[in-house]
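Each chain, written out:
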Number of protein chains: 2
Amino acid sequence: MAEVSDEAVNRMTRLIGDADKAECKVNKLRCITNKLDETQIKAEAEIFKAMADPCRLKILSLLREGELCVCEIMVAVDRPQSSTSHHLSLLKDAGLIKERKDGRWSRYRLSEGAVIEMLNLVKLMNEVKYG
Amino acid sequence: MAEVSDEAVNRMTRLIGDADKAECKVNKLRCITNKLDETQIKAEAEIFKAMADPCRLKILSLLREGELCVCEIMVAVDRPQSSTSHHLSLLKDAGLIKERKDGRWSRYRLSEGAVIEMLNLVKLMNEVKYG
DNA sequence: AGTTCATATCTAGTTATTTCGATATATAAA
DNA sequence: TTTATATATCGAAATAACTAGATATGAACT
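Residues numbered from 1 in each chain as written. Chains lettered and ligands numbered in written order. Predicted model: local features only at pLDDT ≥ 70, side-chain atom pairs only at ≥ 80, totals over all residues. Heavy atoms only, no water.

Caption draft 1: Spatial organisation of the protein's contact with DNA strand C. His87(A), Cys71(B), Gln81(B), Ser85(B) and Tyr108(B) are the nearest of the 24 residues found near DNA strand C. In DNA strand C, atoms within 4 Å of the protein come 65% from sugar and phosphate. The separation between a phosphate oxygen of DNA strand C and a polar side-chain atom of His87(A) is 2.9 Å. Contact distances for DNA strand C include 3.3 Å between a sugar or linking oxygen and a side-chain N or O atom of Arg104(B). For the surface near DNA strand C, the elements supplying multiple residues, two or more each, are helix H6 (81–93) of chain A together with helix H5 (70–77), helix H6 (81–93) and strand S3 (105–110) of chain B. (Near = heavy atom within 4 Å. Polar contact = N/O pair within 3.5 Å; in protein donor to acceptor, adjacent residues only side chain to side chain. Helix = DSSP H or I, 4+ residues; strand = E, 2+ residues; numbered from the N terminus.)

This is how it looks when you write it as structure tokens:
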């Protein structure tokens, strides 16, 4: 009966008592995670990674006010040009901001869509946590 | 007139031409970021950090199905106990999940509130990004 | 008290990220 | 075509995060 016979099933059997039920439970749990597309999960993690930095969150907040070029952003966040540019390219790769070349300037703006909602949501979550 | 006389203003002056206008612009930009509470921004970044890992995203997805104990989660995500436990404590510290002690078991569930919305939002963003 | 089992914490090795100066690219003006 | 300026990219050092084995804690059972 046991098709998935491994440590996990043994452990689950000790937990539940019945070996068949245990195997069933393990299969069910594995089934949920197997259904999750590994590539998609990674891509989603990348989006969160891009937002997981104070400086980049500041940049996103700034861009809520409108389009800005790198030299304006670096002044606002008070970081050297290379750092600012690097953060911007991470945000761009994650799809959170868009770039528009304009002569020697690169002007950045928020991507249309869910970025602002995301910022609002996390603010809310934080308020709930402390508040 | 120049109260904030530094490199940033000089740079902005070269950009804009007028020194007073430049100072004004720098002040305005700095004002936006200064208004952002450093502590709050860091706390928000911590929340995103907690979500910025494929394994932890899997755990959160799992917990959408309901409360689970560590030994069930470690089976589902196929990681050793210590790693699983570590990820769970990060998620808990970020306020994304809640713990309930039950004998020798620790049972975890999603925090009420915006966690699910966040997961839905990032999924949407990813779909928009690729299509 | 001793044993067992679920979970947490510690530790060290590895890998990823952040940071910023230096350099490269590219546009525009002289 | 030289010069200046805005931005990107490189490189290397510092820091942080992830991983997993080993050990510790703590509850339940004997």
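Caption draft 2: Structural view of the interface of chain A and chain B. The interface is formed by 54 residues belonging to chain A together with 54 residues belonging to chain B. Interface of chain A and chain B: buried area, both sides summed, is about 5,000 Å²; carbon and sulfur atoms make up 77% of it. The largest contributions to the chain A side of the interface with chain B come from Phe48(A), Val75(A) and Met125(A), which together make up 13% of the buried area. Taken together, chain A and chain B are joined by four salt bridges. Put simply, Glu72(A) and Lys25(B) hold a salt bridge, and the shortest N to O gap is 2.9 Å. Summed over the shared surface of chain A and chain B, the number is ten residue pairs in polar contact (both at pLDDT 80 or more). (Contact = heavy atoms within 4.5 Å. Buried area = accessible area lost by both parts, 1.4 Å probe. Salt bridge = Lys/Arg side-chain N within 4 Å of Asp/Glu carboxyl O.)

Caption draft 3: How the structure looks around the pairing of S3(B). All names here are of chain B. The two faces of S3 differ: Ser-106, Tyr-108 and Leu-110 on one face are buried, but Trp-105, Arg-107 and Arg-109 on the other face are not. As paired elements, strand S1 (residues 68–69) and S3 share two bridges and run antiparallel to each other. If you follow Cys-69 over to S3, its bridge partner there is Arg-107. Where strand S2 (residues 97–102) and S3 come together, six bridges link them in antiparallel fashion. Counterpart to Lys-101 in the pairing with S3 is Ser-106. The turn joining S2 and S3, which pair antiparallel and follow one another in sequence, is formed by two residues; a positive phi near 65° is taken by Gly-103. (Buried < 20%, exposed > 50% of the residue type's maximum accessible area, 1.4 Å probe, protein only. Pairing = 2+ DSSP bridges.)

Caption draft 4: Just the state of the cysteines, in detail. Residue and element names in this part refer to chain B. Summed over the entire model, instances satisfying the criterion amount to zero disulfides over all chains. No disulfide involves Cys-24; its nearest neighbouring cysteine sulfur is the one of Cys-31, lying 10 Å away. Free of any disulfide, Cys-71 has its nearest neighbouring cysteine sulfur in Cys-69, separated by 3.1 Å. (Disulfide = S-S within 2.5 Å.)

Caption draft 5: Focus on the protein's contact with DNA strand D. Around DNA strand D, the structure places 25 residues, and the nearest of them are Cys71(A), Gln81(A), Ser85(A), Tyr108(A) and His87(B). Near-protein atoms of DNA strand D (within 4 Å) split between backbone and bases, with sugar and phosphate holding 67%. One of the side-chain nitrogen or oxygen atoms of Arg104(A) is found 3.1 Å away from a sugar or linking oxygen of DNA strand D. Listed by contribution, the elements that provide at least two residues to the surface near DNA strand D are helix H5 (70–77), H6 and strand S3 (105–110) of chain A together with helix H1 (7–16) and H6 of chain B. Counting residues per element, the surface near DNA strand D draws most heavily on H6(B), at five residues. Classifying every residue of the surface near DNA strand D gives eight nonpolar, nine polar and eight charged. (Nonpolar A, V, L, I, M, F, W, Y, C, P; charged D, E, K, R; others polar.)

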